[in-house]
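Architecture at a glance
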Amino acid sequence: PNKSKKIKQQILAHVMPWYASKPISGVWGWHWTMNHFNPEKFTNGRREIASKFYPLTGPYDSFDKNIVEYQLLTMKLAGIDGIIIDWYGLTDLYDYSVIHRNATLLVDMAEKFGLSFAICYEDRTVIELEKNGRLNTNRALHVANEIRWLSKNWFSKKNYLHFDDKPILLSFGVDNMSDEEWKQAIKSSDTSVAYVSQAVPRKVATGAFDWPVPSQGLGIHKKFIKKSDNWKLSIPVAFPRFDDIYEQAKVHGSYGHIPDDNGKTFRNLLTDAIESDSPFIQIATWNDWGEGTSIEPSLEFGNRDLRAIQDLRRDLIDSDFPHKARSLDLPFKLLELRRKARISSSKLDSISKLIAEGDTEKASKKISNLS
């Protein structure tokens, strides 16, 4: 493959900004409890949460600046270029407005730390709004208004992801809005977007992105890459496993299982995705703890999947990628110092800045002096 083309390839992590914790938000949100688990209960030092795995940080709040800093700095050191934010629009129903507030924090901090970002719009929100009598126009025009808002507020940011000079907009869901409705939504928004639909390109789409479908195993991802050869844009997927908690939480049956295979699942998918030469690769996900697809550091897997990204990035995309496995612990150490709150925040801000700039040696020394 042509090297100059490869350098442009971006690895993006799909982020769920939907977690609420009692210390920050006053309640444990649905994504930690699923109306079944009680994070106030501890077993062997762990809170009870709606996940088979346990975040290294413990269950957190997506509106906690210290957590978002830790997440974004960890991504940077792992060789992740940007984030795709799961977004439910602007209307206040369920936790949508909380997700929007948290997404706004992510957008602001991604800019500060030099990560790119794009939005993935969950179009089933439109169905939910309709069911609850919250749509004051038809579905397509509602989405057109959301796109207009994005255009005015986020698409114009210099770190927003573009393809062919157009802002990229992903939509999650294959059977909520029809192709016709999406076509009308984009047309009515008066916004030029590179629209990317799930699994296959809708009529109005520039391309499509791939996503885990546990009932279909791993074969579909090679098929996606093959099938997408002649599309204008394809975003292949990499993920470490699929091991959801829905059945145990009594939400609904499990979607199925894809084994972790000691990290091989992730390495193989990520290798295939990079070698496909697509300009963007999506990791699904950074932090969907309920579906067990997170690569965010956990007690079970530590930094393993992040080390895999570092290795593959160095081998296949960017041989000069500087960060080593040991630097991956720095953002967590910084988080721990912030949580102790004994040290002036300006000192910790200077460490954060060093990490963001990639000066891990200096950051590491400063952290050692403070610990």
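Everything in this summary refers to the structure shown in the same document. Everything quoted here is computed from the prediction, not taken from an experiment.

Quick word on the nonpolar core
Soluble, globular proteins show a tendency: their nonpolar side chains are buried together. In this structure, Leu 72, Ile 83, Trp 154, Ile 168, Trp 182 and Ile 309 are the most contacted members of the largest nonpolar core, which totals 109 residues. In terms of residue count, helix α5 (residues 96-113) provides more of this core than any other element does, 9 residues in total. Residues Met 34, Phe 37, Tyr 246 and Ala 249 belong to the second largest nonpolar core, which totals 6 residues.

A look at the environment of Ile 343
Looking at the element boundaries, Ile 343 is found in the loop between α12 (330-340) and α13 (345-356). In the structure, Ile 343 is positioned 27 residues away from Leu 370 in sequence and 8.0 Å away in space, judged by C-alpha atoms. Among all residues touching Ile 343, those that are not within four sequence positions of it are Leu 337, Leu 348 and Leu 370.

Notes on the packing of helix α7 (residues 139-155) against helix α8 (residues 179-188)
Close contact between α7 and α8 brings their axes to 8 Å; oriented N to C, the two are set at 45°. Classified by the angle their axes make, α7 and α8 are oblique. The crossing of α7 and α8 is right-handed. Contacts from Arg 139, Ala 140, Leu 141, Val 143, Ala 144, Ile 147 and Arg 148 of α7 reach α8 at Glu 181, Trp 182, Gln 184, Ala 185, Ile 186 and Ser 188. Residue composition of the contact of α7 with α8, grouped by class: 8 nonpolar, 2 polar and 3 charged.

Cut-offs used in this document
Starting from 1, residues in each chain are numbered consecutively following that chain's sequence as written. Predicted model: local features are reported for residues with pLDDT of at least 70 only, side-chain atom pairs are reported and counted for 80 or more only, and whole-chain, interface and lining totals are derived from all residues. Calculation of side-chain values draws on the structure's entire complement of heavy atoms; hydrogens and water are dropped beforehand. Among buried residues, those of type Ala, Val, Leu, Ile, Met, Phe, Trp, Tyr and Cys that are joined through side-chain atoms within 4.5 Å constitute a nonpolar core. For every residue, the accessible area obtained with a 1.4 Å probe (protein chains only) is divided by the maximum for its type, and the residue is called buried under 20%, exposed over 50%, and partly exposed between those limits. Secondary structure elements are defined from DSSP: runs of H or I of at least 4 residues count as helices, runs of E of at least 2 residues count as strands, and each element is numbered from the N terminus. Any two residues having at least one pair of non-hydrogen atoms within 4.5 Å are treated as being in contact. Only C-alpha atoms enter the line fits that serve as axes; for helices the fit covers just the stretch in contact. Angles between N-to-C directions range over 0 to 180 degrees. An angle counts as roughly parallel when it lies under 35 degrees, as roughly antiparallel when it exceeds 145, as roughly perpendicular when it falls between 65 and 115, and as oblique in every other case. Definitions for this section: a left-handed crossing has its near helix turned counterclockwise from the far helix by less than a right angle. A right-handed crossing has that turn clockwise. We call Asp, Glu, Lys and Arg charged. Ala, Val, Leu, Ile, Met, Phe, Trp, Tyr, Cys and Pro are nonpolar, and the rest, Gly among them, are polar.

Honestly, it's all geometry; don't read function into it.
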